[in-house]
Protein chains: 2
Amino acid sequence: MIGLENLSRKEQLIKTAAQLFKEKGYAATSMRDLANTLGIEAASLYSHIKSKEEILQSLCFEMADKFRESLEEVENTNFSYTKKLRLGILGHIQVMARELTASAVFMNEHRHLSQPYLRSFLLLRINYINRFKKIIEGGIKSGEFKNVDTKLAVMTLFSSLNWMPHWYDPSGIIEPIELGHQLADMLIDGLQTK
Amino acid sequence: MIGLENLSRKEQLIKTAAQLFKEKGYAATSMRDLANTLGIEAASLYSHIKSKEEILQSLCFEMADKFRESLEEVENTNFSYTKKLRLGILGHIQVMARELTASAVFMNEHRHLSQPYLRSFLLLRINYINRFKKIIEGGIKSGEFKNVDTKLAVMTLFSSLNWMPHWYDPSGIIEPIELGHQLADMLIDGLQTK
DNA sequence: CCTACCGATCGGTAGG
DNA sequence: CCTACCGATCGGTAGG
């Protein structure tokens, strides 16, 4: 692992776990896998964390919080719905780009949370999705957007966004902001030439 | 479980496993979970199948085959790229709608395949994605589509399509074909009014 | 952060 | 399809 030198041991542990959870999945990652990657014994992990699930909890809820924060900034503006949607997409992608691994875990591994954490995570997520949906609905009412099925539209957006950590190459040419603009262009203007 | 009466015991077993793999994930689903759901002992499963992974293999490769078949039909036409893209989307969604659970497993659990199955699965998948990409590239060259980033375009399409099993309600109002048309409309024409 | 260890559960087999 | 069982591995604890 590279770039973990400045982090506390606990932060290193969570970052490393996120990597493993992303690659192998939460259930298929053992505490011994994690310990081996860090170069310590499995039992030693428990002086930093209380349980395996605690790691998943911090990853999921910290990301949920960052996504919510980013969208709230956009909501507190007076831009058109078209611009709000674009800024919402840009914000989401920038949060994701800063935490690509944690974002992938947020998207794919949250189902392994136990109750009551799972329930409150799903509430946060549906709330986030509904806020994007409100922007789309607003755009339809204002005449900016076509009268599409808003559930389909928002789920298309949400799945496109959240699958990005699986294929986006942060060392590649295209920058997160540029990527966000292109995705917004595609969804707002379509592929077709005018 | 409903509607499994006409299937062979092995087919029932695979369908039931798909449901559990979708809900809990492959790694978190134990053979005892599967046996309990079917109302038999875990050891009895092995008179129908060789291993847990064999179930995952049949699910993943059978779906890959159906998706490939559906896209090949579209490729063997002389339609415009716009129409090919639309028909490709419709085909994918119809295959998925017929096997919603297996499709979710295909999308999210394939990483638990061991070698050499994982490698050949990923080859099938990248081949499928590249065929969609070729349609988009063709449309750009012909002037039907704007000069977008084709990797972004095809991954947006692919992730939208494959996340559908997680939110699409087959008992709801909207039919798979109608859904496919609306998704195609969105991606091709965009959200924006003209 | 380590050694030593716990009970529970895992995928799977033998033999009927 | 069952009983009986296997060795391996799981998340986690006690005590230092």
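Below is a short write-up of the structure. Given the structure is predicted, the values throughout are model-derived calculations rather than measurements. (Residues numbered from 1 in each chain as written. Chains lettered and ligands numbered in written order. Predicted model: local features only at pLDDT ≥ 70, side-chain atom pairs only at ≥ 80, totals over all residues. Heavy atoms only, no water.)

Where empty space is left in the structure can be found by rolling a water-sized probe over the atoms. Scanning the entire structure with this criterion turns up three cavities of 30 Å³ or more. In this structure, the largest cavity occupies an estimated 60 Å³ of space. The residue inventory of the lining of the largest cavity, partitioned by class, reads six nonpolar, four polar and six charged. (1 Å grid on protein atoms, 1.4 Å probe; cavity = no way out; pocket = protein on both sides within 12 Å on 5 of 7 lines; lining within 4 Å. Points joined across faces, edges and corners; volume = space filled by probe spheres on them. Nonpolar A, V, L, I, M, F, W, Y, C, P; charged D, E, K, R; others polar.)

Between chain B and chain A, which share one sequence, the superposing operator has a rotation angle of 180° and an axial displacement of 0.0 Å; the RMSD is 0.0 Å. Both copies are brought into coincidence by an operation consistent with a two-fold rotation axis. No C-alpha of chain B approaches the rotation axis more nearly than that of B:Gly190, which lies at 1.7 Å. (Least-squares fit on C-alpha atoms with pLDDT ≥ 70 in both.)

Moving on: the protein's contact with DNA strand C. Every one of the 15 residues lining DNA strand C counts as a neighbour, but A:Arg9, A:Glu41, A:Ser44, B:Arg32 and B:Lys52 are closest to it. Within 4 Å of the protein, the contacting atoms of DNA strand C are 56% sugar and phosphate, with bases supplying the remainder. One of the backbone nitrogen or oxygen atoms of B:Thr29 is found 3.4 Å away from a phosphate oxygen of DNA strand C. Here B:Tyr46 contributes a side-chain N or O atom positioned 3.0 Å from a phosphate oxygen of DNA strand C. The residue makeup of the surface near DNA strand C, split by class, is five nonpolar, six polar and four charged. (Near = heavy atom within 4 Å. Polar contact = N/O pair within 3.5 Å; in protein donor to acceptor, adjacent residues only side chain to side chain.)

Bringing helix 8 (residues 176-189) of chain B into the picture now. A rise of 1.5 Å per residue sets the reference length of helix 8 of chain B, with its 14 residues, at 20 Å; its end C-alpha atoms lie 19 Å apart and thus fit the reference within 8%. In terms of burial, helix 8 of chain B is largely enclosed, as ten of its 14 residues are buried. Among all positions of helix 8 of chain B, only B:Pro176, B:Leu179, B:Gly180, B:Gln182, B:Leu183, B:Ala184, B:Met186, B:Leu187, B:Ile188 and B:Asp189 are buried. Buried-residue contacts for helix 8 of chain B involve helix 7 (150-167) and helix 8 (176-189) of chain A together with helix 4 (81-98) and helix 7 (150-167) of chain B. Of the residues one or two after helix 8 of chain B, B:Gly190 is the one with positive phi, at around 85°. (Helix = DSSP H or I, 4+ residues; strand = E, 2+ residues; numbered from the N terminus. Expected span 1.5 Å × (residues − 1). Buried < 20%, exposed > 50% of the residue type's maximum accessible area, 1.4 Å probe, protein only. Contact = heavy atoms within 4.5 Å.)

This paragraph deals with the interface of chain B and chain A. Taken together, the contact pairs 42 residues of chain B with 42 residues of chain A. Summed over both sides, the interface between chain B and chain A buries roughly 4,000 Å², with carbon and sulfur atoms accounting for 62% of that surface. A:Arg111 serves as the salt-bridge partner of B:Glu109, at 2.7 Å between the closest nitrogen and oxygen. Across the contact surface, chain B and chain A share eleven residue pairs in polar contact (both at pLDDT 80 or more). Going through the elements one at a time, helix 1 (9-24), helix 4, helix 5 (100-108), helix 7 and helix 8 of chain B are the ones with two or more residues in the side of chain B that touches chain A. Ranked by the residues each element gives to the side of chain B that touches chain A, the list is headed by helix 7 of chain B, at nine residues. Looking at the side of chain B that touches chain A residue by residue, the class counts come to 19 nonpolar, twelve polar and eleven charged. (Buried area = accessible area lost by both parts, 1.4 Å probe. Salt bridge = Lys/Arg side-chain N within 4 Å of Asp/Glu carboxyl O.)

Interpretation note: all reported values are geometric properties and have no functional meaning in isolation.
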